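These are the residues of each chain, in order.
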Amino acid sequence: MSYLRKIEYELVLRDSFWILRNCPKCGRKTHYINTKKFRVNANGNKLDVWLIYQCVECKHTLNLTIYEREKVSDIPGEEYQRFLNNDEQLAEIYGKNRQLFRSNRADIDFDRLHYGLDKLHETVEGSGLGEQIMITVKNPCQIKIRSDKQIAMVLGLSRNQVKGLLEKGEIELVTDLPQSVSFTFFRSSRMST
């Protein structure tokens, strides 16, 4: 029987981004990590909110601006309360937000990422094209991971094995974009998804 099996995965960060920057206390480049705490400062009816990062060596802090000179009424009430309570889940969400790091000109250390794959859903359709599997790996955080490494993670193969399958045409790369990679291959006994 011919079928087309479609599987969708998502690359998920397991921890906040690490920052690599010069530390004034250490006198050299060091890593900064998310403390999972916020600093909230009010000046009249204006509010500043920062996510606090700290040097892993000396504990020197770095504040990443989330809100700057915002009216208190412009910040959703529940989120404002979560800032005041140092909500760790909210700190993790902001610690994985690349836009926050871009706007603060903070250099993410992509070599220190902890990530994994979560399976989102799977469908099977009849097809006249033989037994094929189409896999899409979504990358909402736009983690810098080569497409062959993503394919290897999904299939449980080495990158060299994946490169060989790509060269033989057994795997066809459909899209290779920063936010997703899609590929198709013919089912083989050595591949398990």
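Residues numbered from 1 in each chain as written. Predicted model: local features only at pLDDT ≥ 70, side-chain atom pairs only at ≥ 80, totals over all residues. Heavy atoms only, no water.

**Q** Residues and numbers for helix α2 (residues 88–95), please.
**A** Taken as a whole, α2 has its buried residues at L90, A91, E92, Y94 and G95. At the N-terminal boundary of α2, the capping side chain belongs to D87, with an oxygen 3.0 Å from the backbone nitrogen of Q89. (Buried < 20%, exposed > 50% of the residue type's maximum accessible area, 1.4 Å probe, protein only. Helix = DSSP H or I, 4+ residues; strand = E, 2+ residues; numbered from the N terminus. Polar contact = N/O pair within 3.5 Å; in protein donor to acceptor, adjacent residues only side chain to side chain.)

**Q** Let's hear about the environment of G126: which residues, and what values?
**A** By secondary structure assignment, the location of G126 is in strand β6 (residues 115–126). Residues G126 and R39 lie 87 residues apart in sequence; the distance between their C-alpha atoms is 55 Å.

**Q** Give a description of the pattern of salt bridges that names residues and reports values.
**A** Here the structure, examined in full by the defined rule, presents 13 salt bridges. For R28, the salt bridge identified is with E57, shortest N-O distance 3.5 Å. Remark: E57 occurs in the loop between β4 (46–55) and β5 (61–71) and R28 occurs in strand β3 (residues 28–43); sequence separation between them is 29 residues. R28 gets classed as partly exposed once you look at its relative accessible area, which sits at 44%. A salt bridge links K119 to E122, with the nearest nitrogen and oxygen atoms 2.7 Å apart. Look at the salt bridges and you will find they share partners, linking R146, D148, R159 and K163 into a network. (Salt bridge = Lys/Arg side-chain N within 4 Å of Asp/Glu carboxyl O.)

**Q** Go over the packing of aromatic side chains, please, and point to the residues and values.
**A** Tallied over the entire structure, the rule returns seven aromatic pairs. Ring centres of F17 and F110 lie 6.5 Å apart, and the angle between their planes is 65°; this geometry places the pair in the edge-to-face category. Highlighted residues: F17 in the loop between β1 (3–13) and β2 (19–23) and F110 in the loop between α3 (98–103) and β6, separated in sequence by 93 residues. For F17, a relative accessible area of 1% puts it in the buried group. Here F110 falls in the partly exposed class, since its relative accessible area comes to 24%. Measuring from ring centre to ring centre gives 6.4 Å for F38 and Y94, while their planes differ by 85°; the resulting arrangement is edge-to-face. Here the residue F38 occupies a position in strand β3, and Y94 occupies one in helix α2, the gap between them amounting to 56 residues. Chaining the aromatic ring pairs together yields one cluster made of F17, Y53, F101 and F110. (Phe/Tyr/Trp six-rings, centres within 6.5 Å; stacked < 30°, edge-to-face > 60°.)

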